[in-house]
Number of protein chains: 4
Amino acid sequence: MSVTFLSDFVAGLNQKGRNLLLRNRFGRQQPLDPEALCEALVSRAGEVSCFMLSETILSHWEGLDEAGQADFLTMIAHRFGPDRKAIAKAIAAVEESDDAEALYRLHAASEPRSQELIRRLNHALQGTERLVRMREVLLRLARTDPALDTLDRDFAHLFGAWFNRGFLELKPIDWNTSAAILEKIIRYEAVHEIGGWNDLRRRIEPKDRRLFAFFHPQMQDEPLIFVEVALTDHIPGDIASLLSEDREVLAQEKATTAVFYSISNCQAGLRGISFGNFLIKQVVEKLRQELPNLRHFMTLSPVPGFAAWLNGLPAGESQRLLSAQNLERMRALAGPGLPDNDDARANLKPVLEGLAAYYLLEQRNARKRPLDSVARFHLGNGARLDNIHAFADLSAKGRKSGYSVMVNYLYDTKEIEANHEAYAERGVVAASGTVKSLLKQFLFRTQAAAKSNPEPEAHHAL
Amino acid sequence: MSVTFLSDFVAGLNQKGRNLLLRNRFGRQQPLDPEALCEALVSRAGEVSCFMLSETILSHWEGLDEAGQADFLTMIAHRFGPDRKAIAKAIAAVEESDDAEALYRLHAASEPRSQELIRRLNHALQGTERLVRMREVLLRLARTDPALDTLDRDFAHLFGAWFNRGFLELKPIDWNTSAAILEKIIRYEAVHEIGGWNDLRRRIEPKDRRLFAFFHPQMQDEPLIFVEVALTDHIPGDIASLLSEDREVLAQEKATTAVFYSISNCQAGLRGISFGNFLIKQVVEKLRQELPNLRHFMTLSPVPGFAAWLNGLPAGESQRLLSAQNLERMRALAGPGLPDNDDARANLKPVLEGLAAYYLLEQRNARKRPLDSVARFHLGNGARLDNIHAFADLSAKGRKSGYSVMVNYLYDTKEIEANHEAYAERGVVAASGTVKSLLKQFLFRTQAAAKSNPEPEAHHAL
Amino acid sequence: MSVTFLSDFVAGLNQKGRNLLLRNRFGRQQPLDPEALCEALVSRAGEVSCFMLSETILSHWEGLDEAGQADFLTMIAHRFGPDRKAIAKAIAAVEESDDAEALYRLHAASEPRSQELIRRLNHALQGTERLVRMREVLLRLARTDPALDTLDRDFAHLFGAWFNRGFLELKPIDWNTSAAILEKIIRYEAVHEIGGWNDLRRRIEPKDRRLFAFFHPQMQDEPLIFVEVALTDHIPGDIASLLSEDREVLAQEKATTAVFYSISNCQAGLRGISFGNFLIKQVVEKLRQELPNLRHFMTLSPVPGFAAWLNGLPAGESQRLLSAQNLERMRALAGPGLPDNDDARANLKPVLEGLAAYYLLEQRNARKRPLDSVARFHLGNGARLDNIHAFADLSAKGRKSGYSVMVNYLYDTKEIEANHEAYAERGVVAASGTVKSLLKQFLFRTQAAAKSNPEPEAHHAL
Amino acid sequence: MSVTFLSDFVAGLNQKGRNLLLRNRFGRQQPLDPEALCEALVSRAGEVSCFMLSETILSHWEGLDEAGQADFLTMIAHRFGPDRKAIAKAIAAVEESDDAEALYRLHAASEPRSQELIRRLNHALQGTERLVRMREVLLRLARTDPALDTLDRDFAHLFGAWFNRGFLELKPIDWNTSAAILEKIIRYEAVHEIGGWNDLRRRIEPKDRRLFAFFHPQMQDEPLIFVEVALTDHIPGDIASLLSEDREVLAQEKATTAVFYSISNCQAGLRGISFGNFLIKQVVEKLRQELPNLRHFMTLSPVPGFAAWLNGLPAGESQRLLSAQNLERMRALAGPGLPDNDDARANLKPVLEGLAAYYLLEQRNARKRPLDSVARFHLGNGARLDNIHAFADLSAKGRKSGYSVMVNYLYDTKEIEANHEAYAERGVVAASGTVKSLLKQFLFRTQAAAKSNPEPEAHHAL
């Protein structure tokens, strides 16, 4: 809305509203009282007041330093929580008669006032995007403040509705996309860093490379999540050959495999609002329609928790799994110590892949799900763990977090739903014969070593 | 999603899911059990199941006859209401300790399961639009069934979120708009009927006529509400001259006044989800930007409850307000009996306008608001009742419901918010001096008549 | 360009230019001298003058009555023809030395000045469209005035360049197309009249009906030519079943045949600028891509010159071809006299179809091409005459001009080019075995009749 | 068109056409004969042949090396020139009777066949763009081959028609423009080099910077010409402050002046096809509409021929104009020798500006126009030389070609047309009082020096 329009409207506010707003917006003689403004926003009904107040509150918030923002959020958490009096009254009514009406009132009464506050803040210009930014700060602060964690539930609940699947729009990103969007892709790539415009171009311009992102109608210039795809004629076992500068471009009609080699969430403020599962399935469908020759849809994914897990094991446990020499070698991998001859690599390969299979298939968290976050994501989506590759990501990051291991998760539409349900209901991890066999051999060698070396501190065969 | 894609996915469902779905979708050997399907939909988590189940349930619903649809909705209302056990448990927890966590759980527990059901039905193709159609039926049935009225609250709550202001897109409708949209405009016009394509053309093609509609991203082909605007160089006092076939088109730069002469809600299933106030304000702003010469923004509105109100008055009351002769004349107006000479019109005019002022300003409902629905809409938006015109709508409908009276509501951006607040908080009706004066003279004449004719049955001076 | 901009520019013209323009545009004290304006336009170089002058000349022209427009065009034809002096000089130079330079100058010198005039008139706003309108008038007048015919060559030459294939944009027209375009489709349909919006809707909304039009970037709101297509599962032998109101819509995947049942040129001012051959081929290609099941692409076309041809034959010739009774019956067909029983129809059918085959295949004009304009169009495009149907168009127009006969021209991409070349180079008409056989039987019967009735005046067997 | 479509069509060609094409396109057993293909293209009529032949010829051409391309063009120039026989016959006919018909035939006969050849080559996919590339090569070769110069006229004539003003589309280029277009802007910038994406961003993202380009509908991805604009609140006298990385962005409403600081032609193959004058005027108009506060529209332009002119003067002449010391100083400027103190600068400033005024206003070419190409461009467009600034472009290029001098050309809509006409008809250079005064003082000093030092070899006062 234009400035004229707003100033006309301001003229139409009653004196109290005018005092509240104008003094602070234009004169600033007196300090702004954010609590009073928020109180006015949740309790008053006028469309224009609503717009002016939300605008004022958000502008105020955006001008605060970090401490000020923390204070503001804490104030909201404490002053706009549930209305205990109203709840007690509603409970009393239910205890008298639990008819639908009373129960409905109880539901309404128990809604924290912060929800309505957030809803109304959304009336400001670009309100949704500004609230996503607010939650970004909130999530950071909530790590150390449980009161803010409760407030975050309101954001999460409302964002779940606002960013529901039906509103997300899948858009291909390529060299014809606007520079404004592309520079955000460069910035948001979280898996395999994009080193500037030329590197980006290599990932989106060739006919055998694709990038798709979800957008939301109220945040047109901000990708929410994106996936990078390589079309290949084989199942790739390492990332460097995919990203190589001098690789040959594959003719589209020869592509048999779509490799999802990088998935990045872009908005920290949308953490926990799930898009990734829709994204991959919609991209699979889109590619199938365009390229009927495609037969395999799979990822080439990191195993980001692999090294941290091994390092966190008690000494006895890690020694049970690995010989001292192999443990040494793996730790060297995390640093600059790549095996310098083929033999050493050949020896280390089954150890790495077997241990990764053990980590991904056998190790579980308290909720009986794998420890690795990327594994949980794809398995939860219905994918199958299809293959494991040692020496697949030789970047510093890849070696440090995953000892250079990468894996393929396969999206087979015929089994996605069955996999998903088995995983969701019973924690079953779908895995290919290849992976199961890697695990079996690993366990066999481990047991063999244990038998031949009954004393745990002794040297290992592995 | 393509047929191939779906049938692949169906192949991936587990046996139970497959039995549930396939039998009914493709074989139909056994009757479909909608309750079981809905139960599966709210309790199961898989993306594909969710899509398939919602699709199956909505297709089933759409194939039902009216009795079947009523049964279905009643089933939902009874089987997917609040979970009393869970609520009782949550109440017990709160009574033990009313910390934020317990209160939050109470809020979650008291949400009727039907809300989650509706959310998930929205995953079907065109889900939002199909649910709007479902609510259309629900609203019709709810008039006579209080259980369905409770269910409607869930729809209303969710639709309020899905159709929030930020998602609505204002689009100008003109002769370059698609025929598919235009035929809906013809069909949905609710105030001054559009008599086919030529009539429509007269309302949207000339440079001094405009039509704006709100659309929602998930219902691209369905206008939600629209307003028709005439640009004029005067404040019009009747509708016929605005719609006349042979009127002269006004050059845009001569226009000083934008007249909103028709506002129509298009979707019965969105009743109670308010768009109208945003619509008028956004159109005002749009027109101001395009045509800086515009100075007045006002409606030419019907008074749809006028005749019904007068007819519903006790005899004594109507006789107090009007002489028998005038009462007779007004009732004649509702039929074909338009005064056939200028004198008769001139005599009747102040009576009609004064009585209308009395009806709009003095008569109130239980909530202290005017009786007339159109008046409540515009006054609630912050408009002012600016003028009243007798013999302004001589169509059968206009005479029958409003005794030919039309009124102007003025949208003055400088006072919209103050008017709105005074109305919302205290029921104050903003009215111009002209209208107040019409009322004053009317009351004066009525009292004068009462004094000179103390016996109610006697003849009146008016 | 805005009015301000223009008036500033006008202020910048020198006095002579200003006098020329302003007096006439705004004051009109003196009569405008179109010849002087045109002279100024072809000889002066300034961008703004060029714009102002072209605008002034075209506005002036559009305000003239028909006689005035004829005078204007005659003036152009006489005053802006070839520059004889310059040509003579260029010829002299060539005769001295026919080097490339001299020949080039001769080419330049021999260009009529009217070409440059038209080029510059094109600088006015909407210049191209206005010049198309001008040529519409010119073509009408040129029928009786050979000087204007010469002028028309300049228009035709320039329009050929401006409307070259590369600029034409093929757009599908359907129920989502703007009303502004659709009403022009209704107006321009030249083969099977569209009886209003509902009739139009039946031709563009069902999934088995299509309409495609060519547009030009400088005439965005004006279709140039369009074709209507029916998708069917058989080869249709009459038009009524295609256009029937209560026909069943065919599922797209069942369609095997695309029937081009109506092709209409929209712009009289673009006569002779050929688009039709590109149109059909592009539509064929577009439909093949969308619907790979389509196997046959053919027209259902009128034979518009059939009746006129028969009526124009010398009596002896028509009697040689038809018995008196059949001649009588056919003439009755042209009026309201449709055979009222199946037997009569069955008897007349081979006569009608055989005579049509004879007319289309055997009768030729001076350039050895068929007499029928529709036949020349499709055969010239490379189509084959595939079938002939009696009683296929029972509308008054169809009976009167074509004795109810319609034909199929088949576009078989495998033979289009060979057909085209054989036709273009040697006048060969491609025809199916069916059509050839119709002709053969017809000729056989005719000869048989002739033999058995050697005297031409006698009765015939046919 | 799809491959299927083409191969079907190829199957439809007659044997001779098939031999011609297929052998070369797919088998290549025999060498392709481009002359025969071109001959076939100009003489045959079929739409498909036309497409196939043009496609084949252009593909062949694009595969040739530079020598091969030169041979091809020479072949065209010699074999497809004017048809001398036909011309002689047409001349004979004209000499018999010079009626319109005969003259028209002479015009047609004298058109070189190469024109029709180019027209038909344009039927290939992306034909226009490929022909622009062909002319790029042709122009390079034509410098040394007059026969090719004649051929270029045909290109120039046809491109003039195809790229006429009505087809050009002005598009704003900003940070929301596609990367594919933006990288071309980086590449094509010809005045002040753009040093990568960050530098580009500084020129198009801030609100006080604009870039506009012309596009053609058949070359959607290729800008034809673009202009860079800075919005300022003063008339800038040097380029560095405009392009400075750390300058402050000006609020749009404070901008009073639009500075066109860089204009680049993008397509070498469109040399001589004029767009620049339309471009500036349309941008002026666009900016005026958007920002009514803008009052001045002017360039900040280089004087690219300044140094070359001075260096090319006979020694006597340069000594007449400048003292030896100043001549020395200026030559130092062209190298790294910028005056290192303010006094030296202050002394050199009037010399530089005066000499530039003399160069721009007084020095003329054979056609009585200024020597400087940039000056001819803007003065020919109707601009006025408004100011001259020494030390305005201190880049190596700016010092070397223009001794650091830059000038402002002012576009004043009130005088554009008058300036243009005075320039076009009489070579009058419009200049401001400031510039005239610079010249006057310069001449005064020069004459004074000449008087006091009558012997040319002696030292100068200047």
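About the criteria used
Residues numbered from 1 in each chain as written. Chains lettered and ligands numbered in written order. Predicted model: local features only at pLDDT ≥ 70, side-chain atom pairs only at ≥ 80, totals over all residues. Heavy atoms only, no water. Helix = DSSP H or I, 4+ residues; strand = E, 2+ residues; numbered from the N terminus. Buried < 20%, exposed > 50% of the residue type's maximum accessible area, 1.4 Å probe, protein only. Contact = heavy atoms within 4.5 Å. Lys, Arg positive; Asp, Glu negative; His and termini not counted. Charge placed at Lys NZ, Arg CZ, Asp CG, Glu CD. Buried area = accessible area lost by both parts, 1.4 Å probe. Salt bridge = Lys/Arg side-chain N within 4 Å of Asp/Glu carboxyl O. Polar contact = N/O pair within 3.5 Å; in protein donor to acceptor, adjacent residues only side chain to side chain. Nonpolar A, V, L, I, M, F, W, Y, C, P; charged D, E, K, R; others polar. Least-squares fit on C-alpha atoms with pLDDT ≥ 70 in both. Domains from an automatic or database assignment. Phe/Tyr/Trp six-rings, centres within 6.5 Å; stacked < 30°, edge-to-face > 60°. pLDDT = per-residue confidence, 0-100. Axes fitted to C-alpha atoms, helices over the stretch in contact; angles between N-to-C directions. Parallel < 35°, antiparallel > 145°, perpendicular 65-115°, else oblique.

Peer 1: Explain the overall build of chain A to me, and be specific about the residues and the numbers.
Peer 2: Within chain A one finds 22 helices and 8 strands. With the C-alpha coordinates aligned to their principal axes, the bounding extent of chain A is approximately 85 × 55 × 45 Å. Taken over 462 residues, chain A has a buried fraction of 55%. Taking all contacts inside chain A whose residues are at least 6 apart in sequence as the whole, residues at least 24 apart take part in 72%. Of note, chain A has its 57 positive side-chain charges centred 1 Å away from the centre of its 60 negative side-chain charges.

Peer 1: Could you give an account of the interface of chain B and chain C, with specific residues and numbers?
Peer 2: Counting residues at the interface gives 10 residues for chain B and 10 residues for chain C. Roughly 890 Å² is buried in total at the junction of chain B and chain C, and carbon and sulfur atoms are behind 54% of that figure. A per-residue breakdown of the area chain B buries against chain C is headed by B:Trp175, B:Ala179 and B:Trp197, which together make up 46% of the total. Across the contact surface, chain B and chain C share 2 salt bridges. For C:Arg201, the salt bridge goes to B:Glu183, with nearest N and O atoms at 2.1 Å. For the pair chain B and chain C, the number of links is 10 residue pairs in polar contact (both at pLDDT 80 or more). Among the elements of the structure, helix H11 (179-188) and helix H12 (197-204) of chain B are those that each provide at least two residues to the side of chain B that touches chain C. In terms of residue count, H11(B) provides more of the side of chain B that touches chain C than any other element does, 4 residues in total. Its residues assigned to classes, the side of chain B that touches chain C comprises 5 nonpolar, 3 polar and 2 charged.

Peer 1: A description of the relation of the copies chain B and chain C should follow, citing residues and the corresponding values.
Peer 2: The two copies are related by a screw operation: chain B maps onto chain C through 180° of rotation and 0.1 Å of translation along the axis, at an RMSD of 0.1 Å. The transformation just described matches what one would write down for a two-fold rotation axis. For chain B, the smallest separation between a C-alpha atom and the rotation axis is recorded for B:Ser178, amounting to 2.0 Å. With an isologous cut-off of 70% or more, the 100% of interface residues of chain B that recur at the interface of chain C puts this contact in the isologous class.

Peer 1: Could you give an account of the domain arrangement of chain A, naming the residues involved and the relevant values?
Peer 2: All names here are of chain A. Here the domain parsing of chain A yields domain 1 (2-162), domain 2 (165-299) and domain 3 (306-458). Computed over C-alpha atoms, the centres of domain 2 and domain 3 are 26 Å apart. Contact between domain 2 and domain 3 buries roughly 1,400 Å² in total, counting both sides, with carbon and sulfur atoms accounting for 58%. The tally of links between domain 2 and domain 3 comes to 0 salt bridges.

Peer 1: Tell me about the side chain of D:Arg369, and please be specific about residues and values.
Peer 2: All names here are of chain D. Its location among the elements puts Arg369 in the loop between helix H18 (342-361) and helix H19 (373-380). Here Arg369 sits buried without a salt bridge, and the closest side chain of opposite charge, Glu425, lies 9.3 Å off (N-O distance). Looking at Arg369, its side chain comes within polar contact range of the main-chain oxygen of Arg367, at 3.0 Å. Only 3.0 Å separates the side chain of Arg369 from the backbone oxygen of Ala424, close enough to count as a polar contact. If near-sequence neighbours (up to four positions away) are discounted, Arg369 is found in contact with Gln363, Arg364, Arg376, Tyr423, Ala424, Arg426 and Gly427.

Peer 1: With reference to specific residues and values, describe the environment of B:Ala422.
Peer 2: Residue and element names in this part refer to chain B. Following the sequence through the fold, Ala422 ends up in helix H21 (residues 416-426). Once the C-alpha coordinates of Ala422 and Gly382 are considered, the two residues, 40 residues apart in sequence, prove to be 8.8 Å apart. In this view, Ala422 contacts Gly427 and Val428; residues no more than four positions away in its chain are not counted.

Peer 1: So what's going on with the packing of aromatic side chains? Which residues, and what values?
Peer 2: The full count for this structure, using the stated rule, is 49 aromatic pairs over all chains. Ring centres of A:Trp61 and A:Phe72 lie 5.7 Å apart, and the angle between their planes is 50°; this geometry places the pair in the tilted category. Placement of the pair is A:Trp61 in helix H4 (residues 47-63) and A:Phe72 in helix H5 (residues 66-79), with a sequence separation of 11 residues. For the pair A:Trp61 and A:Phe72, one class covers both residues: buried. Seen from their ring centres, B:Trp309 and B:Tyr358 are 6.2 Å apart, and the 45° between their planes marks the pair as tilted. Here B:Tyr358 lies in helix H18 (residues 342-361) and B:Trp309 lies in helix H15 (residues 306-312), a separation of 49 residues in the sequence. B:Tyr358 carries the same exposure label as B:Trp309, and that label is buried. These aromatic residues form a ring-pair network of at least three members: A:Phe306, A:Trp309, A:Tyr358, A:Tyr359, A:Tyr403 and A:Phe442.

Peer 1: Any details on unusual backbone geometry? Residues and values, ideally.
Peer 2: Peptide bonds are trans in most cases, and residues, glycine excluded, mostly fall at negative phi. Residue and element names in this part refer to chain C. Unusually for a residue other than glycine, Gln126 sits at a positive phi of about 55°. Here Gln126 lies in the loop between helix H8 (113-121) and helix H9 (127-142). Even without a glycine there, the phi angle at Lys368 is positive, about 65°. Here Lys368 lies in the loop between helix H18 (342-361) and helix H19 (373-380). Lys368 sits in the exposed class, given a relative accessible area of 60%.

Peer 1: Run through the confidence of the model for chain A, naming residues and quoting values.
Peer 2: All names here are of chain A. In the predicted model, chain A carries a mean pLDDT of 87, and 90% of its residues have values of at least 70. Within the model, the stretch residues 1-7 combines pLDDT values under 50 with 13 contacts to residues more than four positions away or in other chains. The low-confidence segment residues 22-30, where pLDDT is below 50, has 13 contacts with residues more than four positions distant or belonging to other chains. Quick note on the complex model: pTM equals 0.84, ipTM equals 0.81.

Peer 1: Go over the arrangement of the chains, please, and point to the residues and values.
Peer 2: When C-alpha atoms are compared, chain A and chain C, though not in contact, are closest at a spacing of 13 Å. Here chain B and chain D are not in contact; the least distance found between their C-alpha atoms is 13 Å.

Peer 1: Give me the pattern of salt bridges: which residues, what numbers.
Peer 2: Applying the stated criterion across every chain, the model contains 120 salt bridges over all chains. Where C:Arg384 meets C:Asp386, a salt bridge forms, and the shortest distance between an N and an O atom there is 3.2 Å. When the shortest N-O distance is used, the salt bridge between D:Arg113 and D:Glu39 registers 2.5 Å. Here D:Arg113, found in helix H8 (residues 113-121), pairs with D:Glu39, found in helix H3 (residues 34-43); they are 74 residues apart in sequence, far enough to count as distant. On the basis of relative accessibility, which here comes to 26%, the residue D:Arg113 falls in the partly exposed class. Taking the relative accessible area as the measure of exposure, D:Glu39 reaches 32% and is therefore partly exposed. When salt bridges that share partners are traced, they join A:Glu189, A:Asp199, A:Arg202, A:Arg203, A:Glu228 and A:Glu245 into one network.

Peer 1: Kindly report on helix H3 (residues 34-43) of chain A, identifying the contributing residues and their values.
Peer 2: Within the sequence span of H3(A), burial applies to A:Pro34, A:Leu37, A:Cys38, A:Ala40, A:Leu41 and A:Val42. For H3(A), the N-terminal cap is A:Asp33; the gap from its side-chain oxygen to the backbone nitrogen of A:Glu35 is 3.1 Å.

Peer 1: A description of the packing of H11(B) against H12(B) should follow, citing residues and the corresponding values.
Peer 2: When two helices pack together, their arrangement is given by the angle between the helix axes and by the axis-to-axis distance. Residue and element names in this part refer to chain B. Between H11 and H12, the shortest axis-to-axis distance is 11 Å and the interhelical angle comes to 95°. Here H11 lies roughly perpendicular to H12, going by the angle between them. Within the contact between the two elements, H11 uses Ala179, Leu182, Glu183, Ile185 and Ile186 and H12 uses Trp197, Leu200 and Ile204. Class assignment for the residues of the contact of H11 with H12 results in 7 nonpolar, no polar and 1 charged.

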